[in-house]
Amino acid sequence: MKPFFNKPLTLTAAILFAVAINVHAQQYPAKTIRLITPFATGASFLIGQVVSEGLRETFRQGAVVESRPGGGGSIALETVAKSTPDGYTLLVATSTLTIVPIVRPGLKLDALRDFAPISLVGAIPNLMIVHPSVPVKSIKEFIKEAHAQPGRLAYGSSGVGTSNHLATELFSVLARVKMTHVSYKSATLAVVDLVRGDIDMVIGQKTAVVPFISSGKLRVIAVLSPQRIAALPKVPTAVEQGMPDLVVDTWYGVLAPSGTRTEIIDRLGQEITRIMKSPEAQQVMATADVELIMSTPSKFTEFIRNDSAKWIKVIRDAKLKFE
């Protein structure tokens, strides 16, 4: 029978390995943390700035925001997905995280396989808005108008396969209406043409349209958040108007590359929650109209899974094709 002299050695090695991992985790971070954003402006970049500043104060290490615009957010996604999973490269994601891998399958990205969710951070409500010449004041009236003239009503989006394009297609599927899609290079251009009356409807962020609503140049007929919003307390949600599945916020969150150690994910999650709940961060977010929505890594993972499934179903039901 072989002697078991190797057993104590194996046990010792395991203990030393565990100690080494613990020490390494306690030393994190030992260098600059990069927060990659898909846009050079807007809420995602602002969130990156707030988080990086908070991490610098806590960790006494560098933390910087780097914008990687292009490809509808795909460049930022690929940058982080292909980074070393050591906690030093993070993604400040938007709703594009769950959309881009679906509408651009050639990228071979997967929102859950390639990323480790850390925390949701917040959301900006989307609104369904129409030009005043459209004789409707509710979703029910809009559906009736669309049914009466199939394909005549035109809606604008910031491009094929973008979040507001798919949000409007979700509405079309749920309401069983046919509209004409007009694609723009940005949501801003779509809103400009809506104000002019060149198109009839847009689903867009509150921040982009509230000034036109208050001046009477546009009319909001529904809030697409789960609850009404303080800025428009008299406007009912789509849920209240009989469409419980028409909930589409523009959300933001922070993720790491897949394979990042759990202790690093948990520590970053705790720090990001602390940072975003600070009075200073809340004031900045309120200015940008971002409503705080914090979560644990597991809840954020489930959120991403559900969001991806929703858009896969919309694309299938609407029979959308992407190049």
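So, about the confidence of the model for the protein chain. The predicted model of the protein chain averages 91 in pLDDT, with 92% of residues at 70 or higher. Strand 3 (residues 89-93) holds the highest mean pLDDT among the elements of the protein chain, 98, whereas helix 1 (residues 6-27) holds the lowest, 50. Under a pLDDT of 50 for its full length, residues 1-7 has, in the predicted model, 0 contacts with residues more than four places off or in other chains. For residues 12-21, every residue scores under 50 in pLDDT, and the model assigns this stretch 2 contacts once sequence neighbours within four places are set aside.

A few words now on the pattern of salt bridges. Evaluated as defined, the whole model comprises 13 salt bridges. As a salt-bridge pair, arginine 274 and glutamate 271 come within 3.1 Å of each other at their nearest N and O atoms. Taken together, the positions of arginine 274 and glutamate 271, both in helix 9 (residues 262-276) and 3 residues apart, correspond to about one turn of that helix. Between aspartate 317 and arginine 316 there is a salt bridge, and its shortest N-O distance comes to 3.7 Å. Aspartate 317 gets classed as partly exposed once you look at its relative accessible area, which sits at 29%. Using a relative accessible area of 52% as the deciding quantity, one classes arginine 316 as exposed. The network of salt bridges with shared partners includes Arg34, Glu66 and Arg68.

We now examine the packing of helix 2 (residues 43-59) against helix 9. Each pair of packed helices can be summarised by the angle the axes make with each other and by the distance between the axes. Direction vectors running N to C along helix 2 and helix 9 enclose 110°, while the axes themselves pass 9 Å from each other. Accordingly, the angle class assigned to the pair helix 2 and helix 9 is roughly perpendicular. Note that helix 2 runs across helix 9; the crossing there is right-handed. Side by side, helix 2 and helix 9 meet where Val50, Val51, Gly54, Leu55, Thr58 and Phe59 of the first sit next to Arg267, Leu268, Glu271, Ile272, Arg274, Ile275 and Met276 of the second. Classifying every residue of the contact of helix 2 with helix 9 by side-chain character gives 8 nonpolar, 2 polar and 3 charged.

Glancing now at the packing of helix 6 (residues 163-175) against helix 11 (residues 297-317). Relative orientation of the contacting elements helix 6 and helix 11 amounts to 65°, with a least axis distance of 9 Å. Helix 11 is crossed by helix 6, and the crossing has left-handed handedness. Two secondary-structure elements touch here, helix 6 through Leu166, Ala167, Glu169, Leu170 and Val173 and helix 11 through Lys310, Trp311, Val314, Ile315 and Asp317. Looking at the contact of helix 6 with helix 11, its residues break down into 7 nonpolar, no polar and 3 charged.

Looking at the secondary structure, you find threonine 98 in helix 4 (residues 96-103). A distance of 3.2 Å separates the side chain of threonine 98 from the backbone oxygen of serine 95, its partner in a polar contact.

Ranked by internal contacts, the top residues of the largest apolar core, which has 32 residues, are Met128, Ile139, Phe142, Phe171, Met201 and Leu246. Of all the secondary-structure elements, those providing two or more residues to this core are helix 4, strand 5 (126-130), helix 5 (139-148), helix 6, strand 8 (201-205), strand 9 (219-223) and helix 11. Residues within four places of phenylalanine 142 in sequence aside, it is in contact with Val130, Val136, Leu153, Phe171, Met179, Met201 and Ile221. By size, the runner-up hydrophobic cluster in this structure holds 30 residues, among which are Ile47, Ala116, Ile265 and Ile275.

What follows is about the environment of valine 191. Checked against the element boundaries, valine 191 lands in helix 7 (residues 187-196). A relative accessible area of 6% places valine 191 in the buried class. Each C-alpha atom, one on valine 191 and one on alanine 309, is 28 Å from the other, the two residues being 118 residues apart in sequence. Leave out the neighbours within four places in its chain, and valine 191 touches Ala208, Val209, Phe212 and Leu218.

Definitions and limits used
Residues numbered from 1 in each chain as written. Predicted model: local features only at pLDDT ≥ 70, side-chain atom pairs only at ≥ 80, totals over all residues. Heavy atoms only, no water. pLDDT = per-residue confidence, 0-100. Helix = DSSP H or I, 4+ residues; strand = E, 2+ residues; numbered from the N terminus. Contact = heavy atoms within 4.5 Å. Salt bridge = Lys/Arg side-chain N within 4 Å of Asp/Glu carboxyl O. Buried < 20%, exposed > 50% of the residue type's maximum accessible area, 1.4 Å probe, protein only. Axes fitted to C-alpha atoms, helices over the stretch in contact; angles between N-to-C directions. Parallel < 35°, antiparallel > 145°, perpendicular 65-115°, else oblique. Left-handed = near helix turned anticlockwise from the far one by under 90°. Nonpolar A, V, L, I, M, F, W, Y, C, P; charged D, E, K, R; others polar. Polar contact = N/O pair within 3.5 Å; in protein donor to acceptor, adjacent residues only side chain to side chain. Core = buried A, V, L, I, M, F, W, Y, C linked by side-chain atoms within 4.5 Å.

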